[in-house]
Amino acid sequence: MAKHVAIVVLLVLGLVNSSYAGTSVGYYTGKCGSNDVESIIKGIVQARFSYDPDIIAFLLRLLFHDSMGNLQTDGSLLLKGPNSEQTAVPNFTVKGYDLIDTIKEALEQECPGVVSCTDIMVAATRDAVLLAGGIYFDVPLGRYDGKVGLASNVVLPPPDISVASAIAYYQQVGFTDLETVVLLGGHTVGVTHCNVIKDRLYNFQGTQQPDPSLDAFYVFFLGTIICQNNDEMFVFLDSPNSVRTVDNSYYQMLLQNKGILPIDNAIAFDPSTASYVQDLANNNDYFLDLFAKVIVKMSLVGVLDENEGEIRNQCWTTN
């Protein structure tokens, strides 16, 4: 509890920096012999991205669920087990674990017991964002891995959360209203399933009609072509032409009444967030800059130090 209180206070005051909990930019310089740890991570991410560009969505979601699921960026979601965080309902469809394991294996061959799985997850996500159209940004490294990962600890906001509740949730870790809207911009590469939104397409609030706030043609397209008789079909949260690119087109879709999840649609028209959506929709560079900063801020939530965590030998199990 004290750990969470400390990080909340630091974030609210804007005092989180690259030295929090021993993290720093360039942390692994000289710690892996002559090897460049971040270059090794980048090379493996690049290789995966070249044939599987969906890895950007997997990694962003993996980092988000790890950081926000228990308000600690500690790699606890990477742990396997019958009661692990991976077994919590919100984490059923999280992917990308295999890539983290592959990177860990490569680094263990070069410098065993040096690089944490949590840092691999953070750096790999940064690299994927760049490959998918985002900007390069430095990430402080030096995190330690958590020793506990329980499904009972996982609490994540549902897709139909209200704007006020979403803002309150992210305020726990010091996110401003604007940063909350920017964080949701990760949906630029996101997907959901038809069963999550079928009430909006067919029976909104028990009316036997679609959600009137959704674009009528979009409702027809999703309801009769994509989702009809197929609850498990994927639905892109951004334009199909841009779903593997990190850009501001997600916000442009919202302004066209094409927000897929209820929270997506709501932030576009709620008085507390509508102006932010408009600004982000109008300026891609503005979004990319803020998105990079929000990822860094999220990656510093609840960071563990050497007295609280460990450097795992394998990412799926504690030492």
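All of these numbers come straight from a predicted model, not from anything done at the bench.

A. Spatial organisation of the overall build of the protein. Each helix and strand counted, the protein has 13 helices and two strands in total. Across its three principal axes, the protein shows a C-alpha extent of roughly 60 × 40 × 40 Å. Within the span of the protein, comprising 319 residues, buried residues form 52% of the whole. Long-range contacts, defined as pairs at least 24 residues apart, comprise 75% of the intrachain contacts of the protein with a sequence gap of at least 6. Surface accessibility of the protein: about 13700 Å² in total, with carbon and sulfur atoms responsible for 54%. Here the protein contributes 18 positive and 35 negative side-chain charges, whose respective centroids are spaced 2 Å apart.

B. Spotlight on empty space enclosed by the protein. Scanning all chains against the criterion turns up one cavity of 30 Å³ or more. Considered as a void within the structure, the largest cavity measures approximately 30 Å³ in volume. Broken down by class, the residue content of the lining of the largest cavity amounts to five nonpolar, no polar and two charged.

C. Region of the structure containing the packing of aromatic side chains. On inspection of all chains with the given rule, the structure shows eight aromatic pairs. Taking the centre distance of 6.4 Å and the plane angle of 50 degrees together, the rings of Phe 64 and Tyr 170 count as tilted. On the criterion of sequence distance, the pair formed by Phe 64 in helix α3 (residues 55–69) and Tyr 170 in helix α6 (residues 163–171) is long-range, its members being 106 residues apart. Taken as a pair, Phe 64 and Tyr 170 share a single burial class, namely buried. On the basis of an interplanar angle of 70 degrees and a centroid distance of 4.9 Å, the ring pair of Tyr 250 and Tyr 251 is categorised as edge-to-face. Within the aromatic cluster, the residues linked to one another by ring pairs are Phe 64, Tyr 169, Tyr 170 and Phe 175. Directly above the ring of Tyr 27 sits Lys 31, whose terminal nitrogen or CZ lies 4.4 Å from the centroid. A cation sits over an aromatic face here: Lys 297 above Phe 175, 5.6 Å from the ring centre.

D. Local environment of the state of the cysteines. Under the counting rule described, the total for this entry stands at three disulfides. Between the sulfur atoms of Cys 32 and its disulfide mate Cys 111 the distance is 2.1 Å. Its S-S torsion of approximately -90 degrees makes the covalent link between Cys 32 and Cys 111 left-handed. Residue Cys 32 is located in the loop between α1 (2–12) and α2 (37–51), and its partner Cys 111 is located in the loop between α4 (97–110) and α5 (117–131); the two are separated by 79 residues in the primary sequence. Disulfide pairing places Cys 117 opposite Cys 315 at an S-S distance of 2.1 Å. When the S-S torsion is -95 degrees, as for the bridge of Cys 117 with Cys 315, the disulfide is left-handed. Taken together, the residues span a long stretch of sequence, with Cys 117 in helix α5 and Cys 315 in the segment after α13 (284–299) at a distance of 198 residues. This pair shows no difference in class: Cys 117 is buried, exactly as Cys 315 is.

E. Inspection of the side chain of Thr 118 at higher detail. Of note, Thr 118 is situated in helix α5. According to the relative accessible area criterion, Thr 118 is buried, its value standing at 0%. Sequence-distant contacts of Thr 118, defined by excluding residues within four places in its chain, comprise Thr 73, Asp 74, Gly 75, Arg 143, Tyr 144 and Asp 145.

F. Structural view of the UniProt feature "binding site: heme b" (unreviewed entry) in the protein. The UniProt record annotates "binding site: heme b" (unreviewed entry) at His 187. Along the chain, the position of His 187 falls in the loop between α7 (177–184) and β1 (191–193). Residue contacts for His 187: discarding those within four places in its chain leaves Leu 237, Asp 238, Tyr 250, Leu 261 and Asp 264.

G. Seen up close, the pattern of salt bridges. Scanning the model with the defined rule gives eleven salt bridges in all. Taking the shortest distance from any N to any O, the salt bridge between Asp 54 and Arg 244 comes out at 2.6 Å. With Asp 54 in the loop between α2 and α3 and Arg 244 in the loop between β2 (234–236) and α10 (249–255), the pair connects residues that are 190 residues apart, well separated along the chain. Between Lys 104 and Glu 108 there is a salt bridge, and its shortest N-O distance comes to 2.9 Å. Of this pair, Lys 104 and Glu 108 both sit in helix α4, four residues apart, roughly one helical turn. Using a relative accessible area of 2% as the deciding quantity, one classes Lys 104 as buried.

What counts and how
- Residues numbered from 1 in each chain as written.
- Predicted model: local features only at pLDDT ≥ 70, side-chain atom pairs only at ≥ 80, totals over all residues.
- Heavy atoms only, no water.
- Helix = DSSP H or I, 4+ residues; strand = E, 2+ residues; numbered from the N terminus.
- Buried < 20%, exposed > 50% of the residue type's maximum accessible area, 1.4 Å probe, protein only.
- Contact = heavy atoms within 4.5 Å.
- Areas by Shrake-Rupley, 256 points an atom, 1.4 Å probe, with all protein chains shown as cover.
- Lys, Arg positive; Asp, Glu negative; His and termini not counted.
- Charge placed at Lys NZ, Arg CZ, Asp CG, Glu CD.
- 1 Å grid on protein atoms, 1.4 Å probe; cavity = no way out; pocket = protein on both sides within 12 Å on 5 of 7 lines; lining within 4 Å.
- Points joined across faces, edges and corners; volume = space filled by probe spheres on them.
- Nonpolar A, V, L, I, M, F, W, Y, C, P; charged D, E, K, R; others polar.
- Phe/Tyr/Trp six-rings, centres within 6.5 Å; stacked < 30°, edge-to-face > 60°.
- Lys NZ or Arg CZ within 6 Å of the ring centre and 35° of its normal.
- Disulfide = S-S within 2.5 Å.
- UniProt positions renumbered as here; feature names shortened; annotations may be inferred.
- Salt bridge = Lys/Arg side-chain N within 4 Å of Asp/Glu carboxyl O.

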